[in-house]
Structure formats: structure tokens, C-alpha cells
Number of protein chains: 6
Amino acid sequence: MSDPFFHPVSALELPRFAGVPTFMRLPLVQHGNARFDDVQVGLIGVPWDSGTTNRPGPRHGPRQLRDASTLIRAQHSISGMRPFETVNCADLGDVGPNPTDIMDSMERITGFYDQTLAAGIMPLTAGGDHLTSLPVLRSLAKVHGPMGMVHFDSHTDLNDTYFGGTKFTHGTPFRRAVEEGLLDPKRIVQIGIRGTMAGTEDRDFAEANGIRMILIEEFHARGVEDVMAEAREIAGTGKTYVSYDIDFIDPTFAPGTGTPEVGGPNSYQAIQVCRELAGLNVVGADMVEVSPPFDTSGGTAFLGVSVMFEILCVMAGQLGG
Amino acid sequence: MSDPFFHPVSALELPRFAGVPTFMRLPLVQHGNARFDDVQVGLIGVPWDSGTTNRPGPRHGPRQLRDASTLIRAQHSISGMRPFETVNCADLGDVGPNPTDIMDSMERITGFYDQTLAAGIMPLTAGGDHLTSLPVLRSLAKVHGPMGMVHFDSHTDLNDTYFGGTKFTHGTPFRRAVEEGLLDPKRIVQIGIRGTMAGTEDRDFAEANGIRMILIEEFHARGVEDVMAEAREIAGTGKTYVSYDIDFIDPTFAPGTGTPEVGGPNSYQAIQVCRELAGLNVVGADMVEVSPPFDTSGGTAFLGVSVMFEILCVMAGQLGG
Amino acid sequence: MSDPFFHPVSALELPRFAGVPTFMRLPLVQHGNARFDDVQVGLIGVPWDSGTTNRPGPRHGPRQLRDASTLIRAQHSISGMRPFETVNCADLGDVGPNPTDIMDSMERITGFYDQTLAAGIMPLTAGGDHLTSLPVLRSLAKVHGPMGMVHFDSHTDLNDTYFGGTKFTHGTPFRRAVEEGLLDPKRIVQIGIRGTMAGTEDRDFAEANGIRMILIEEFHARGVEDVMAEAREIAGTGKTYVSYDIDFIDPTFAPGTGTPEVGGPNSYQAIQVCRELAGLNVVGADMVEVSPPFDTSGGTAFLGVSVMFEILCVMAGQLGG
Amino acid sequence: MSDPFFHPVSALELPRFAGVPTFMRLPLVQHGNARFDDVQVGLIGVPWDSGTTNRPGPRHGPRQLRDASTLIRAQHSISGMRPFETVNCADLGDVGPNPTDIMDSMERITGFYDQTLAAGIMPLTAGGDHLTSLPVLRSLAKVHGPMGMVHFDSHTDLNDTYFGGTKFTHGTPFRRAVEEGLLDPKRIVQIGIRGTMAGTEDRDFAEANGIRMILIEEFHARGVEDVMAEAREIAGTGKTYVSYDIDFIDPTFAPGTGTPEVGGPNSYQAIQVCRELAGLNVVGADMVEVSPPFDTSGGTAFLGVSVMFEILCVMAGQLGG
Amino acid sequence: MSDPFFHPVSALELPRFAGVPTFMRLPLVQHGNARFDDVQVGLIGVPWDSGTTNRPGPRHGPRQLRDASTLIRAQHSISGMRPFETVNCADLGDVGPNPTDIMDSMERITGFYDQTLAAGIMPLTAGGDHLTSLPVLRSLAKVHGPMGMVHFDSHTDLNDTYFGGTKFTHGTPFRRAVEEGLLDPKRIVQIGIRGTMAGTEDRDFAEANGIRMILIEEFHARGVEDVMAEAREIAGTGKTYVSYDIDFIDPTFAPGTGTPEVGGPNSYQAIQVCRELAGLNVVGADMVEVSPPFDTSGGTAFLGVSVMFEILCVMAGQLGG
Amino acid sequence: MSDPFFHPVSALELPRFAGVPTFMRLPLVQHGNARFDDVQVGLIGVPWDSGTTNRPGPRHGPRQLRDASTLIRAQHSISGMRPFETVNCADLGDVGPNPTDIMDSMERITGFYDQTLAAGIMPLTAGGDHLTSLPVLRSLAKVHGPMGMVHFDSHTDLNDTYFGGTKFTHGTPFRRAVEEGLLDPKRIVQIGIRGTMAGTEDRDFAEANGIRMILIEEFHARGVEDVMAEAREIAGTGKTYVSYDIDFIDPTFAPGTGTPEVGGPNSYQAIQVCRELAGLNVVGADMVEVSPPFDTSGGTAFLGVSVMFEILCVMAGQLGG
């Protein structure tokens, strides 16, 4: 049972359109706050998109996700899980990046997560572009060692370099993470891969390192349950990270992103896959690439936070059982 | 065969973008009009959203629905039904609500429908938020007694009170309707229920009263035909109301609404369920919660009137056979 | 000199797109907070639009205004005033209205301001529709007695009733305030009045009570300085309230509002008039009728908070001199 | 005094967002209606843009103008004129064009106006692109002979041909009208001309025929009153047509148009020029080139109908004095 | 192997947001260019919508499609096909239509294609409304004789006339093409037909001439593979044209079109059907009815060019094997 | 007289909505093109926004500016200047930046301009954020030595560092340019400065170095002609650069930008100031900070290219006299 301090503001007392928007209307508990060490799951914003090679915007993601998250209520419709009453959840605020310096930003992010992990908090991140995952994984690996990963995305993000040698972009984080030993490639599964390709460099790397890619065609043919059963097998019982790029979902359902690829899962499949994560040994997760300039309506962000709520229920089930 | 007076304006004579937009380009026949008593199916706007607890807008629904309805043609693609030639259809205009007084508005709405029913007209309503259904049902129950209901929605709308005791909101209409004896709970089926929950008060009420809820998971697993066969069984041969909340449909297909829940039916399923209503003893229907400020493109409204056309064909088949 | 606790978050440390958005990045100090009594100027959101007779939306105003206010920096370009270093400013959060009950909401608002005034805090309100001003004035009048008012608006808001007797709408607040003795009509000046009129009821009331109306034609002919000199004379040295309806400004500059009237002041005049308030004995102010659904770009909100910053500088000059 | 039959629907009885939208909420009185001959000023939609050489859209103008016109109230703020109580005004509906045949459409339009003029109705037209004016003038000239014209526009619309010989486009109507003897070039004044030019063909024609062009630079330098005094002098006491292209106004104030030119009048000047038309012998007027796809917000249309209301007040003053 | 001259600009050298946007970043090789005769597949824009009977816009299609096409990369995800390295592809520019003269425009289009075919180039067209297909087919039939056609659409486009006798609209091209002997009706298959109908004239024509229509209900029931197997059988081994109206796809996935019909295929099915075209004897194809004013986000255009890339891969497989 | 090769495509032959959009429909003449050395004025895109400290987007500027520029015709309305017939103008394409490396990008930009200047071409740049000006000035200074500058902006862009030491951002270019000796501070005038300030660091630098700042209040008080007369005096007869930040203009007129400040010049003043540049010894100019995500309508871009056309006419007058 959670401490009532960590309960969201009730919509029957303060309507959902009212109040300063924190993630899911949870208390804002930043580093230095007296209750920081009592948090069990921390929702963290990383407003950063310096790794974006084409259309920027995810730096605005956390704010729009917080806004949309005010529509999230207390209980899961199917499982009945009430995560906010099961574990102490809080909004830990945003990491402050340096939008004009990638290396400086990555250090700031890793530092923020080091502090968070030191307090025993499990992080649920709202990016930010996909390069966000790399500095987060650097921090997690210090505590957990090389992790497995369930990765929802239309892209592999396993490329080597861009623009004549640039190694840190939103198309390269997981190649770096494998090279740096943060992830165990044999325990990585990438689901939803699709779209036109520049070349095969990334797929060659996946094959050479034993990373399992499930293309969208296979996903549609086998269905969510079958695919996710295999995903759980690949990740196994070890420490596992969940990385969810919003462009995994079909761009009609999630237009607010910078590198869309048509033909993806619908919104029901988008949340179904999360429910199938139950049973994994999750040590952290992220929702990345939500880009508000490409969906000012907030529909993409609402789908993003709906996914985050599903993942949070998995975390609460794991921590609070 | 209908009276040619009630035929829509032909698009070959006046293009669809031309003319003052009435519902489906039908004649506007308001209370007091000489032809009022000849109408068989009346399309009525209820531009009202005072029951909305979060994001307002459905008061603008009827106007946008009328605009989108100018794209609707004369014949159903599958059944071949030509409803406007089968029964006398007309746009009865809008009920004038009092946007600053809920009780006054409900009386005005019930009064408008009393007049309509007195003329033997079957009402097909364009809301308005979901509280609209309550004053409409009050009028219908005077004529038809307690009715069954096929209810498409992502929410049960069976809550008791909001904000410390408010009993009339768009989250409470059907609890009131059951309490007031307007609906027979054992003949109510709610289809598409999903989304995060504040608590279980509404589901407890449903269970205690014998209301059948078909959650979206069950809907997706069983498919439209199977679910609708059960729905027809529940509603049975008695007088039945059809209430269609646009948020039944996945918000990607129908973003123009104030309380979206992800993971719903697509646009094909949205119209399929209507086709499966044939055979019921329908006494009225509504399309509610279309909120233009959240979809200025009119796409939601077009889907809304496409659903209304399907329901109209069911009504025409029932009345005009 | 203000307490550093009350300084906004620096944009050089945390970029403006980062962080949970409070008004002008000030600390959130709600009722019950240990530092509440140290606040000198409190920015308060009133997310409420139940008084709206036509197109709703201002209930979403405070959130969008907070978001836009993250672009506001520390110093005034002309006067050099640094308000956050001059007086203790804070975001006091939102009043929680009851969106389905006008009378209940007005009591909640008045109660919130009673608490605020009891702590000696000067309120700067972000509405909310214009009915918001009435419950705020009720609280202020308890402390200050009948006040003068400088009122920027395209409408007089001096009507008597709507829809057959409704007395509390956004078109009636100042008639009620005069009737209730909250405002001294002889010390009221209304600037920018324009637009088509339903009738002359409101203007007759103004004339009968000695309220000075400056129509937009006179405003354009005389210019800001001359008009505002007269305004200061009318308000005099007594306690004065400033009410700023965003629809005072031309709707091209401020499209995000529900009752626009063309031909108004431009954005430069919109802030100039505020600078001319210096010297008045201001006891509170509001910025109302910002309606996000009609300007999702946030441009209207940014102009709104730019006006709020100008008023804040006037308050800081008055309190901190 | 007008017949109450022709009064708009009251907003105190039916809120402005309710009801089927006719122009200014007037009764719809189409050809064949029993009250047709009693109309004095007829508001007519011409949903047609086949003359558009670049970006289409004005065919949707009348519907959006009607929608926006529901915000127009009964009385002019300055003159006190209540046009709907002074003369019998009605919405005459739309002319049905043939969107795939220019010549056929022009005949349909002229025919509609012939019927209208035969009933003694003064037409106030909502276009449509600017080619609309030509078939209207053809009808008016049958009754009134060659007319003078006060023409507000950023373009002269005096070109000869486009695309290798096409003579009927929205860039050529007034050259045709002069050639056909519908307009007296010496009594034409064009106000607001600006923007980059393809060549000088149109200006050469103006000069050769004695048409007076007042470029925007002269307009800004001299001001509305001075320019309009000259305009009244040019048009003189003879029959005069008023043609108002929405692109006369700066595109920031009126973005909903297909051929914008920067640097134009603001919204206040846009209505001021209409007030200065009083005293002319007006026989008809139009508001053209409102293109909804370029301003779905309706702001342009609201400015358009605000201008139409000003012109209507001039007509009512002339007819009802 | 293609000539490197015809390779697209690399995104690693010039980011995708940079550069003048040609189709898929290919070289622009217009008539008269020295390399024109070396082109094997030519991408051609036909910015024309004079055949549109309701809501215009497709004249802006080619520009938006080019813009979106800068997101297309070099290789197909499933087949591995690299079309730009397999055959010489180029952007041939736009046909210049006469927007005010349908007959003139059709001649210009046919002339452009005559030149293109004379150089042995296979055309892949980006419309334009669906009337575009007619002048293209006129040119193709000169070379190939009567062709079969696989036609993806929600409408049959087999109507006879509109508005009292107009024979050339976007609702009539294939009736004209059959009448003119450009298409062999027995080798035509129309897939995805749905939506309300004006009457049965078009379906009667189809039946009388042996055109096979696969309604959307049949499509959803049988699935892509089964339907397309039949389509390939119908088209057979003869010369076949592929016409793809974007309104084949559900309007939620492709809102940027003028005559939407709900209940269509999703984006995955939209590209799947193209993959099933392999094996046909394709002589040309088009993507029509993309209407940017109804989707300024570019999402529809991106789906449109994703379809074009799939068709291009089929062409490259056929030509380059 | 210019070479006809460099004339824009005629809109009478190819409508403005047709064709691949180059700047002002000029020929695309990239480095390596045989006609490159014949160009006199080169329009260059720099799609780059890595210097942006808050809201990104200007990397998309050049493409949207090109699109909007297709509305620009051949002749200036007042001066009669036909720049494309006076000097050889061409679109030189875009510099390819490295969006993830600021230093690399600046070198690429300077290199591109070195090549351009070597061919004797005067550059007219379409940015990009304001950091763009720095690498351009580095190239120009190699040829021209320290230049004067007329700088239209709401910000001084004279700050020292951001985020703990970052020296290259869009808020620092002109401090760097002065430090590097690229600009002569005594010949710099900054016009339109306004908005809230972080501090006085930038204004202190201006004062210390003799840079003249004309705040917006002074601009509005004195008017365009008087202010520009002083500007010409300050810049004098030496080589002068013109830098035009779109946020100089009021954000209502130019909402498509990332750091708006209310109260600026209107669109007429925006072009008037350019006309007053005639007589200066201009060596290059830029239009920066147009950010399409904040104005997808293209209105800002159209105003931006209207300003570019005015500057181009000044250049043509200077070079072609």
C-alpha cells in the first residue's frame, strides 16, 4: 500500500482541466525534496532532441505528455490494478539538458539518473528523442550490469554514424549501448521494424550480435500474444529495460513524431503489447520520440501516456505484489 | 414511399458545398410548420454540453454534423436502402438550451421531444454531450414505458455524483434513467467499455442491476457479429433505445470528443455495429459527444453522420417495410 | 528586495521548454504551504467558464497561460523593473470550480480569495470567463470596500439577464458587482467597447450609473496616452481593480477567445495601456476570456501573459517602491 | 419599419451556437417562397471558384460566412442603426453553380440575380471568387445601366487573359465589365492596390480608361477619411456598385484567401471604409474571395461578415431613411 | 544497374529536410534535358483538379507529395529491392494545366505523356484529381491499346454526367475510358468500393460491361491476399494500368482528400495491396486525389508516397529483373 | 539586362501551384553548374537550427520559404523594378548542415559562401536560426573586411554564453562577430529591440562597443522614415550587411518563429523598412528564424519572402543601375 502523500489529485475535487499539470497528477518530488527517498517509481521528463537527424520536436514531449496525463485515472480497466495505491509514485521533474551540446547533455542525464537510482527509485522516462535511452542506460548499467531489452520501434536505432562520423544521434543509441556493454545483445528483441531503409548496416549489426528483429509483417501475421511470448523468452529472467518509441505505432494513431513509418500497429495493439510485459524483471522504461509540433492536438501524447500507464501497472505489479 | 417534399436537395442540381446545411440536405420542418405532422423520422439537434465535467464543446456538435452530412447521398451501398424515399425524413431544427442552467435546459429538451412524439415522429438526435440522453429518455418513457437500450460507449455513464453531489452530468445519465424507471436495466447492453477508471462505483451499479457490459477486450476478441447477436438478444423484442457516444470509436478515428479512451473500434466496425441493429424495435436513437473544437477538420462529424445514416436506414427499414 | 525562494527558475540552468510549467516559472505555493504568508503577489488560475453564453473554452485558460508564461524573462525592457526581485511572487495554483454548478463555483472562488487576502497577498488572476471577476470582487470588497475599476474589454458586461432570467453569466458580472456595492460606478471606466449590440440595456445602465465608456472609435482617435490619462483620473486615488478581457484586443492579435469583435487595439497598444496604469492604487487584477480551443498555437496566451507581466510590474512598482 | 417576419432569431431565446445557420440568423426566403417579393435586401451566396487561377477555396465561402454571421447582433455600435428593423432582410440561399463549366455557371448566376432584381430586392452577395462580380454586374446593368464602382482590393482584376487566352478568370472581371459597358470606368475607384506585379497590362488599361487606382501607399499616407472622400466624389451620385475583395485587408487579419498581398489595412480600417460609403447611391455589393481552406478558424469569415454588416447598415440607411 | 546520375541525394550528405524537394530526391529531368531519353521510370506531377465536383485541392497534391517523399529511403524493407539502383528513375516535373479550361488541360496532359512515352519512359503519376487518369490513358492507349486496370478506390468513377450534362469530371473518367476504348472493361477490377450512393447508374454500367467491383465488405471479409489473387487473374497477362485513388484508404489514415468514405482499409493494407501487384504487366500507374488543404500535416501525402514507392518497386522488379 | 536563362518560370505558362518550388521560381544553379559564375545574386537556403536555445524549427525554413515564394511576381508595385530582368538571379540550393554538430555545420556554411563569393555572387540567405549569420559573416569578412550592419530584430543577439559556457547559439552571433572583427560595432544599428530581458549583459556590450539600439518604443514614436534615415547614417557608405530576423515583426503577423515578442511592427512597416535600405552599399543579407512548425499555414513564410523580394530589389538597384 502506498503512502497517501503520493496519491494523485482527485478529479472529483479538482477537475482534470485544473491545476499545474504533473505526470498523472502526482506530487512533484524533485531531487532535494524530503520525500525523495520514499519514491518507488519516478516519472522523469527528458526534454531533449539534439540527437534528431531530421525533424526536431521531442524536447517539447514531456510537457505535452504531462498535460495529456491529466486524463489518466486511478485504476486499470482489466486487471483492476490501482498503481498509485500500490507503490509510491511521483513526478521527479525534468532533467535540464544543454540544447546546444550533446556530450554535456548526456552527462547531465546520466547524473540525474545516478541520483535517482541511488535512492532506489525505478525510472519511467518520458523523452526526448531516442538518444535519450543511451545516457539512461549508462546509469542503469552501473547498478544492474548489462541488461536485456524489449524495444518497440519502427527503426532499429542500430546505425553506426551519420553525416560523416557523428556517433551520437537518435539513430545510433543501441549500437553504442551494445558496444559499451550496457545491453546484452542476445537478450534484445526489437518489435515493429519497418519502413524504407538507407542500407543494411543496422540489420547486419543485429544479425552479427544476435539481436532478434521482429519485422512488422511478422508482427501482423503472428499477433500480439505470440510475438510477446517470444519477446519474454528472449529477455528471460534477467534485468530488462523497456524502450518504447512512439513511432512503433502507426503514424495515423501517433502522428506526433518526427520519423513516421506507415503500416504499424493500431492503438489497441499499442497497449496490448505492454500488458504482455508482465512477468519480466523490469528495471526501467522509456516512452520516446513524442514530438508535439507534429501533433498539437495532444492525441499522440494521450496515447503515449496511456502506454506509460500500462507500463506503470506492470512495474507496480512487480514491485508491489 | 415517401412524399417528394421530404427528399433531400439533389447534388446534381445544387453541389454539395452549396446551400444552407440542414441534416442530410433534408427540408427544415420545425414545430409549427404545416408539414410537421407528416414527418416520420425527425433529425434533431441538441446543442448542449452543460453536463460536461472535463472538456466542453458538444454544444457545437449539431452544426458541424449538419455541415458534414451534406456529403451523405441517397442510397446505402450494401442494402440498397434509400431511406429518404422510404419514409418522410426531416430536419426538425435544434432545441434551444439554456447554457447556464442545467435543470431549465433539461425541461426545454423534454418539452421539445414531447411535442415531437405527439406528432408520431421517431427522433434521431444529434447531441450534445451524453447528459442529452436523459431528458430525451424522459420524454420517450412517457410514451413507451421503460425501454431497453443498446449503448455504444467507452464509458458506462452510470456514475452517481460528481464534485461533491452533482447528480446531472454526462457521466451519470443512465444511472438516473434506471433510477427514474426510464430504462429496464436487464435489457441494457453497454458495448466498448474501456479506459482507466476512477473507481468501480459504476460497474458495481451495473452488476447489481443486471446491466450487461461488454468490455473492449471482449469486443475485439469476439468480433462485431457475435457481440451484436448477444446485444439483440439482451434488448429483445421490446421498445429499445440506441445511444451512440462517439467516444465508443477509437479516438484516432474520432478525435473530436472530450473524453477519449484509446484502443477502440475502427471506423468500419463503427458502422458495422449499426447494421446489426436491424430487427430491433427501435423507438429512438442518439449520436452524442461530437465536440468540434477537438476536430475542426470535420472528420469526426463525418463519421458521426455516417453512423447516423446507418441508424436511419435501420429505422427506415423498420418503419417503411 | 524579494526572497530568493520566490525567484523564477533560470533559463540558463533549465531551458524554457523544460520543467513543470508554473506561472512565469515561479514556485508553486498553495494554501497550506509554509511560505504562503510570505507571498506578496499571488498568480491564481480560475479554470472556469460556466458563465459563457456562447462558445466555451476559458476553463482551459490557466493551463495554456502557464505554458506560454515560461517565455517571460526577469526584466522589463523599458522601465528596467525586475518584479520577481522586487516583491515575493508565487503561483498559488488553481481554484477548483464545479463545472456543473455556477453558484457552488462562485462560493469556491470567493473562499479561495478570502484565504489569499487574509494572508495579505495581492491577487493577479488568470481566468476563466468574465464571470470570474464577480466572485473575486466579492472577496476583495470585504477587505477594500467599493472599488474603482479600469476595465479593458470590447463588451460592457453590464447586461441584466440571459435566456429568460439567468443573472450570472459572463455578460452580467459588473452589473451584479455594482448592484452588490462591490464597485463604485462613478470610478469605473470601460475602454475599447465595440461590436454589434443586441440592444442598449447595458449602455443605459452605464449612463444611469455614471460609468464612463470609451468606445473603440474614441480610443483610436485619441490614442493610448490621452485615454489612459482620463482613466487614471476616473479611478482616482482610491482602491482600484483592473479587469482585462483578452477580447479588448483585436481578434487577429488574440484569436483565442469566444466572443471576438473586430477593429480593436493591436498588441503594442495592448501592453501600452498597462504601462499607463502606474500611479493607480491597484488592489487586484485579472486577465480573462483566454480560450485555448480557439487558439491552440498559444499566441493569444503569450499575449495574455505579456499583459500580465506588465500589470505585475505595475504591482511590483506599487508594492516594492 | 420592417416586418417582424424578417427579424433574426433572438440569441436570448436560441443561443448563437444553435440552429441552422442562415446569414445573420435571418429567415431563409428562396425563389418561390411566398414572402420573396417582400424582401428589400437579399443576402445571396455564390459558392463558386472556377475563375481562380491559383489556390481554390471560395466555393466554400458562403457556408463559412453564414456560420460566422451567427455572431452578428442587431444594432450598430456607433450609428445605432438596427438594419433588420429598418428594412426587410432575408437570406435568399445560394446560387447553384456548375463547378466544371464556367460559362454555364455565369448564366446561372445572372439568371438568379435577374429574378432577384425583378422582385425589387437589393443584392448583398457573399462569393465566391472575384469572377462572381461579372455575372452579377451583367444582371444589375440590365436594370441600372453602366454603374460606378467602389472597389476594395489588393489587385486591379483588370487583366485581359490567362494561360494563353482564357478571358474569364478572377483576375479579369472588371476588364470584361468595362468592355461590356456594365461599368463606367470614369466612375470606378480601386482602393488598396499592392503586391508584386506580373506586368503593367492592368494598370495601363486603368490609365487608358480613366479608372482611378489608389495604391496602398497612398491609402496609408492619406488615411481612410481622405481617401474615401475622394472615392465618393469619383462614384458621384449615380448608381454605384461596391465590390469588396477580402484580400483588400492585410492577410494577417484575413488569412482565409487565395492570393494574399502583405502590407494591407487592418481590421479597423476594413470596417471604417464601409462607414464612409454612406451617401452613395448603392445598388448592390459583394464580399468575395473568402476561402475557408486557408482559415478554418473562421476568423476571416467573421471579419467578412462584420464588413457585410457595415455595408448592410449603409443599405438600410439608404433604403429605410 | 542504374546510372549513378539517377540516384537520389544521400541523406547522410544532405539531411532530408534540406534541398529543393523533387520526388524521392531524384534528379529533375524535364523534357528537353539531355538525359531525358535515359530515364526508365518517370515520376510526373499533374497539379490539376478541374474535374472536382465537390471540394477542390488536388492541384496542390504534387507539391506536397514531393515534400513528403523526401522521407523515402533507398531500399524496400521486405523485398530488399533498391529501385533507384535497379532502373533509371527521375522526376520529370509537372504538366502545366490550364486551371480554367478542362479540355485545354486534357490536351496538355495527353501531349506531355505522348512525349514521355515516345522516350520509352514508364510513367508513375502524382495527381491531381481522378479525371487526371483519362488524358493519361489516352496517351498510353496510343502505344499499348486497350489496357486492363487494377483500380483502388472507394468510388467507381463510372458515372455518366453531372450538373446537367457535364461529361468530364472526377466521377466519370473510367466510363469515358471504356467508351473511348482505352480500357478493356473485362480486365478491370475495382477494389474498395463503398460509401453512400446517389444511384446505381455506375454499378449498372459496371455490370453491363463486365467490370468486376469488389466492395469493401468483401475486401474486409476475404483479406488482401485473396482479393489480390483475383485481381491479378482479372487483369491477366496483358498490359495493365494501376490507378490508386487515395480515398481507397480509410479517411482517418488519409484525411487529405475531397470525397472521403468511412470504413476503408488501414495503412498496412494500403501498402500490402501494392506488393501483390508483382507479376502484372504494368505500363503505368497513378496516385490521385491527394488534397493538401484537407491535411496540411502531410500525413496523407506521406502515405501516398509510401504507396508510390511500393508501386515503383513493382515497376523496378518488372523492368530491371 | 539579365540573361533570359535566369528568368523565373512564367505563371501564365505554368500556374503558380505547379512545378518544383525553387526560390521565386528561379532556375536552380548549384555549385558545379555551368552557369554558376554568371549568377549575380544568389538565393541560398541554410536549413539549420542547432543554435536554437528554446523552440527549434528554422531548419525547415528554406523549404517553406521556397514554397511561399512561388506567389512572388516579377515587378515591384511602387518602384517598378523588375529585379529578375535587371540582374542574373538564381536559387543556389541549400547548404547541407550537420544537425548534430554545430562546429562542423559552421565550417560547411562558411565553405559554401566562400565558393559563392569566389564566383562574385551576392548572397541573399534564407535561414535557419540566427546563428546562421555568423558563418556567413565569416566568409563575407574575408572578402569585404569588417562590415556595418542594419539589423532588424526583437533581440540584440549580443549575449555571451548560455547553459554554462556555450558560446555559439542564436542569441550570441553578433557578439562573436564583433569579437572576431567581422563587424564594425560603430556601424551597427539594431532596430525593433523589445521583450522581457534576462539581464542587461547584451545591452551593456552594445553600449560599451558603440552599437546603436533602437528600441521598439522609439521605432513606434519616430516612424519608419526617420528611424531608417538614422540607420543609413550609421551604416554609412561602407560595406554593409542586412540581417533580418522574422521576429522583428509582431508575432501576430509572423507567428512562425520560436522566440516571439509582442508589440512589434506590422506587415506594412516590415516591408517599408526594406525600401529605405536603398542607397546603402549592401554586400549580403539574410532572412532568419522562420520556423514552419509554428506557422504551417505559410503566412509567415510569405511575409518572409515578401521582405526578401524587397531586399532583392534593393540589391538589383545597386548592382544593375
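Residues numbered from 1 in each chain as written. Chains lettered and ligands numbered in written order. Predicted model: local features only at pLDDT ≥ 70, side-chain atom pairs only at ≥ 80, totals over all residues. Heavy atoms only, no water.

S.K.: Can you tell me about the pattern of salt bridges, naming the residues and giving the values?
M.R.: Scanning the entire structure with this criterion turns up 138 salt bridges over all chains. Between R66 of chain F and D91 of chain F there is a salt bridge whose closest N-O contact spans 2.7 Å. In this pair, R66 of chain F sits in helix α1 (residues 61-69) while D91 of chain F sits in strand β2 (residues 89-94), placing the two residues 25 residues apart along the sequence. When salt bridges with common partners are traced through the structure, they connect D160, K167, R175, R176 and E179 of chain A into a single cluster. (Salt bridge = Lys/Arg side-chain N within 4 Å of Asp/Glu carboxyl O. Helix = DSSP H or I, 4+ residues; strand = E, 2+ residues; numbered from the N terminus.)

S.K.: Would you mind going over the relation of the copies chain A and chain B in detail, with residue names and values included?
M.R.: Expressed as a screw operation, the relation of chain A to chain B combines 0.0 Å of axial shift with a rotation of 120 degrees, fitting to an RMSD of 0.0 Å. Expressed as an axis order, the relation between the two copies is that of a three-fold axis. Minimal C-alpha distance to the rotation axis in chain A is attained by T252 of chain A, lying at 4.1 Å. Interface overlap between copies: only 8% of the residues of chain A at the interface are likewise at the interface in chain B, consistent with a contact formed by different surfaces. (Least-squares fit on C-alpha atoms with pLDDT ≥ 70 in both. Contact = heavy atoms within 4.5 Å.)

S.K.: Which residues make up the interface of chain A and chain B, and what values go with them?
M.R.: On the side of chain B, 27 residues touch chain A, which itself brings 24 residues to the contact. For the pair chain A and chain B, the two sides together bury roughly 2,100 Å², of which 59% comes from carbon and sulfur. Of all residues in chain A, R73, S77 and Y268 of chain A give up the largest surface area on contact with chain B, accounting jointly for 32% of the area buried on that side. Across the contact surface, chain A and chain B share 2 salt bridges. With its nearest N and O atoms 2.8 Å apart, the salt bridge here joins R275 of chain A to E217 of chain B. Sorting the residues of the side of chain A that touches chain B by element identifies α9 (267-275) and α10 (299-320) of chain A as the ones contributing at least two each. Looking at the side of chain A that touches chain B, its residues break down into 14 nonpolar, 6 polar and 4 charged. (Buried area = accessible area lost by both parts, 1.4 Å probe. Nonpolar A, V, L, I, M, F, W, Y, C, P; charged D, E, K, R; others polar.)

S.K.: Can you tell me about the UniProt feature "binding site: Mn(2+)" (unreviewed entry) in chain A, naming the residues and giving the values?
M.R.: Residues and elements named next belong to chain A. As recorded in UniProt, the feature "binding site: Mn(2+)" (unreviewed entry) lies at H130, D153, H155, D157, D245 and D247. The annotated residues occupy 118 residues of the chain but converge on a single region, no pair of C-alpha atoms lying more than 12.0 Å apart. Within the element layout of this structure, D153 appears in the loop between β4 (147-152) and α5 (173-179). If we skip the residues at most four places from it in the chain, D153 touches H130, I191, G192, I193, D245, D247 and F248. By the secondary structure assignment, D157 is in the loop between β4 and α5. In this view, D157 contacts H130, H151, H170, G171, T172, P173, F174, R175 and D245; residues no more than four positions away in its chain are not counted. At a separation of 2.9 Å, a polar atom in the side chain of D157 contacts the side chain of H130. (UniProt positions renumbered as here; feature names shortened; annotations may be inferred. Polar contact = N/O pair within 3.5 Å; in protein donor to acceptor, adjacent residues only side chain to side chain.)

S.K.: Any chance you could break down the sheet that holds strand β6 (residues 212-215) of chain F for me, citing the residues and the numbers?
M.R.: Residues and elements named next belong to chain F. Read across the open sheet, the 8 strands follow the order β2-β1-β3-β8-β7-β4-β5-β6; overall the sheet is parallel. Of all strands in the sheet, those with a lone pairing partner are β2 and β6, marking the two edges. Averaged over all pairs of adjacent strands, the angle between strand axes in this sheet comes to 15 degrees, irrespective of strand direction. Here strand β7 (residues 239-245) pairs with strand β8 (residues 281-288) via 7 bridges, running parallel. (Pairing = 2+ DSSP bridges. Axes fitted to C-alpha atoms, helices over the stretch in contact; angles between N-to-C directions.)

S.K.: Give me the interface of chain E and chain A: which residues, what numbers.
M.R.: Taken together, the 24 residues of chain E in the interface contact 27 residues of chain A. Summing both partners gives a buried area of about 2,100 Å² for chain E against chain A, and 60% of it is carried by carbon and sulfur. In terms of surface lost to chain A, no three residues of chain E exceed R73, S77 and Y268 of chain E, which account for 31% of the buried area on that side. Seen at the junction of chain E and chain A, the total is 9 residue pairs in polar contact (both at pLDDT 80 or more). Of all the elements in the fold, those that place two or more residues in the side of chain E that touches chain A are α9 (267-275) and α10 (299-320) of chain E.

S.K.: A description of the pairing of strand β8 (residues 281-288) of chain B should follow, citing residues and the corresponding values.
M.R.: Residue and element names in this part refer to chain B. Of all 8 residues in β8, 7 are buried, a share of seventy percent or more. Looking at chain direction, strand β3 (residues 122-127) and β8 are connected through 3 bridges and run parallel. Residue pairing for β8: T125 is matched across the bridge by D286. For the handedness criterion, the β-α-β arrangement of strand β7 (residues 239-245), helix α9 (residues 267-275) and β8 is classed as right-handed. (Buried < 20%, exposed > 50% of the residue type's maximum accessible area, 1.4 Å probe, protein only. Right-handed = clockwise from strand over helix to strand, strands pointing away.)

S.K.: If you had to explain the environment of I72 of chain D to someone new, which residues and values would you point to?
M.R.: By secondary structure assignment, the location of I72 of chain D is in the loop between α1 (61-69) and α2 (83-86). The class of I72 of chain D is buried, set by a relative accessible area of 5%. Between the C-alpha atom of I72 of chain D and that of S306 of chain D, which follows or precedes it by 234 residues, the distance is 7.3 Å. Those residues in contact with I72 of chain D that lie beyond four places of it in its chain are T196 of chain C together with R16, M24, F302, V305, S306 and F309 of chain D.

S.K.: Describe the arrangement of the chains, naming the residues involved and giving the relevant values.
M.R.: You won't find any contact between chain A and chain D; their C-alpha atoms come no closer than 15 Å. Taking C-alpha atoms as the reference, chain C and chain E come no closer than 15 Å and do not contact one another.

S.K.: Summarise the sheet that holds strand β5 (residues 183-193) of chain B; cite the residues concerned and give the values.
M.R.: Residues and elements named next belong to chain B. The 8 strands lie next to each other as β2-β1-β3-β8-β7-β4-β5-β6, forming an open sheet whose pairing is parallel. Each edge of the open sheet carries a strand with a single partner, namely β2 (89-94) and β6 (212-215). Adjacent strand axes in the sheet meet at a mean angle of 15 degrees when their direction is disregarded. Packed on one face of the sheet, helix α4 (residues 133-144) meets β3, β4 (147-152), β5, β7 and β8 and runs near 170 degrees to β7.

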